[in-house]
Amino acid sequence: MTDAPCELSIVLPARNEAPALERLLPVLRERFPQAQVIVVNDGSTDDTAALCARHGVQEVRHRYSVGNGGAIKSGARAAHGEVIVFMDADGQHDPADIPRLLTRLNEGFDMVVGARDATSQASVGRSLANRLYNRIANYMTGQKIADLTSGFRAVRAEKFREFLFLLPNGFSYPTSITMAFFRAGYAVAYEPIVAARRTGRSHIRPLRDGARFLLIIFRVATLYSPLKIFAPLSGLSFAAGLLNYLHTYATDGRFTNASAVLFTTAVVVFLMGLISEQITTLLYATAARERTDAVRR
């Protein structure tokens, strides 16, 4: 399969990735001559702009670096295709895998993610971190998530744009969009891929961005299923209060202020979770009505 349907857009966020783009762009133009190829130049200081002009691909230029997620949002807004393929511009993703993603998408899915195997992880630390993120997301969504942080995916453009407001400007947009799709009830599939070593130096800083990834998972989780966060916290506070009460009653025969505070905290946290759950339900119900009204119009 070398041709792409005319409704396909391929978006590559790029910041100083000229060496990889020099090899990648000709392959994309050859394999998918009818596709709209967009390079989002996120404040690059190299030859990215000249490469886009030379290879006849569309450039969306940021005057300064906004971040990977910001580049993804700019690319999604500029895409004309009904289907968008997002892939990294650093040479990790093989254009030959795009047809497999599109084939799975045509089976009735709304998003297909290229799931990397263990050999594709940049380091042992990154591999362990990704496993942790996957497990947390599995718990939050109740779904099997093979690769939460993969930037290689094919999506239905209309549904992807519904959640642009949720996406952070920095790294980890895949985390936000994956969990948002599951929360909305959209069908997500995973297609195994092998990712190559990136060309050049990674822009990800493990400690700083790792903490941000984790924060974003919990932030999106509060929009996805708040009680899965608030209920365990409430339970821990209640259990701590009960244990403290049993201890003080056995030793001093009294009910202490500490136990009262812990019980009160448990109730307050649980009620906050209930309110958050209602707000989340209303938010997605409103989004669903807007989608229905748009279809009718």
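Note on numbering: residues in each chain are counted from 1, in written sequence order. At least 70 in pLDDT is required for a residue's local features to be given in this predicted model, at least 80 for side-chain atom pairs to be given and counted, and no such filter applies to totals for whole chains, interfaces and linings, which use all residues. Only hydrogens and water are set aside when side-chain values are computed; all heavy atoms of the structure are taken into account.

Draft legend 1. Representation of the pattern of salt bridges in the model. When a carboxyl oxygen of Asp or Glu is within 4 Å of a side-chain nitrogen of Lys or Arg, the pair counts as a salt bridge. Under the defined criterion, the tally for this structure stands at 10 salt bridges. Of the charged contacts, one joins Glu 107 and Arg 104 as a salt bridge, the two residues approaching to 3.2 Å between their closest N and O atoms. Residue Glu 107 is classed as exposed on the basis of its relative accessible area of 52%. Taken together, the shared-partner salt bridges connect Asp 97, Arg 100, Arg 104, Glu 107 and Glu 191 into one network. Here's how the labels work: a residue is buried when its accessible area is under 20% of the maximum for its type, exposed when over 50%, partly exposed in between, all with a 1.4 Å probe on protein chains only.

Draft legend 2. Representation of the pairing of strand E6 (residues 153-156) within the structure. In terms of strand pairing, strand E4 (residues 83-86) meets E6 through 4 bridges, oriented antiparallel. Along E6, the bridge assignment pairs Ile 84 with Val 155. DSSP bridges decide pairing: two strands pair if at least two such bridges lie between them. Helix numbers and strand numbers start at the N terminus; a helix is a DSSP run of H or I with at least 4 residues, a strand a run of E with at least 2. The sheet contact formed by strand E5 (residues 111-116) and E6 spans 3 bridges and is antiparallel. Looking at the pairing, Val 112 lines up with Ala 154 of E6.

Draft legend 3. Region of the structure containing the packing of aromatic side chains. Only rings of Phe, Tyr and Trp enter the pairing, Trp through its six-membered ring, and a pair is recorded when the two centres are within 6.5 Å. The plane angle decides the type: under 30 degrees is stacked, over 60 is edge-to-face, the rest tilted. Taken as a whole, this structure holds 9 aromatic pairs when the rule is applied. Ring geometry for Phe 86 and Phe 160: centres 4.8 Å apart, planes at 35°, overall tilted. Within this pair, whereas Phe 86 is found in strand E4, its partner Phe 160 is found in helix H6 (residues 157-161), the two being separated by 74 residues in sequence. Assigned by exposure class, Phe 86 and Phe 160 land together as buried. Counting every residue linked through ring pairs, the aromatic cluster contains Phe 238, Tyr 245, Tyr 249, Phe 255 and Phe 263. We call a charge positioned above a ring when the Lys NZ or Arg CZ atom is no farther than 6 Å from the ring centre and deviates by at most 35 degrees from the ring normal. Above the ring of Tyr 186, the side-chain terminus of Lys 159 is found at 4.7 Å from the ring centroid.

Draft legend 4. Examining unusual backbone geometry more closely. The phi dihedral of Asn 16 is positive, around 55°, even though this residue is not glycine. Within the secondary structure, Asn 16 is located in the loop between strand E1 (8-14) and helix H1 (18-31).

Draft legend 5. Helix H4 (residues 98-105), seen in detail. Among all positions in H4, only Ile 98, Pro 99, Leu 101, Leu 102 and Leu 105 are buried. Projected onto a plane normal to the axis of H4, the buried residues spread over an arc of 160° and lie on a single side. By the convention used here, residues are in contact when the closest approach between their heavy atoms is within 4.5 Å. Those residues of H4 that are buried lie in contact with E1, H1, E4, E5, E6 and strand E7 (188-193). Working note: the arc is built from the helix axis to C-beta atom directions.

Draft legend 6. Inspection of the pairing of E4 at higher detail. In E4, alternate side chains face the same way, and those of Val 83 and Val 85 on one face and Ile 84 and Phe 86 on the other are all buried. In the sheet, E1 pairs with E4 via 4 bridges, with the strands oriented parallel. Across the sheet, residue Ser 9 finds its bridge partner in E4, namely Ile 84.

Draft legend 7. Focus on the packing of H1 against helix H2 (residues 48-55). Every axis corresponds to a line fitted to the C-alpha atoms, with the helix fit spanning only the stretch in contact, and the corresponding angles, defined between N-to-C directions, vary from 0 to 180 degrees. At their nearest, the axes of H1 and H2 sit 10 Å apart, and the two run at 15° to each other. The angle between H1 and H2 places the two elements in the roughly parallel class. At the point where H1 passes H2, the crossing takes the right-handed sense. Contact with H1, carried on its side by Ala 18, Leu 21, Glu 22, Leu 25, Pro 26 and Arg 29, involves Thr 48, Leu 51, Arg 54 and His 55 of H2 and no other residues of that element. Here the nonpolar group is Ala, Val, Leu, Ile, Met, Phe, Trp, Tyr, Cys and Pro; Asp, Glu, Lys and Arg are the charged ones; every other residue, Gly included, is treated as polar. Tallied by class, residues from the contact of H1 with H2 come to 5 nonpolar, 2 polar and 3 charged. An angle below 35 degrees is treated as roughly parallel, one above 145 as roughly antiparallel, one from 65 to 115 as roughly perpendicular, and anything else as oblique. Crossing handedness is defined as follows: a turn of the near helix away from the far one that is anticlockwise and smaller than a right angle gives a left-handed crossing, while the clockwise case is right-handed.

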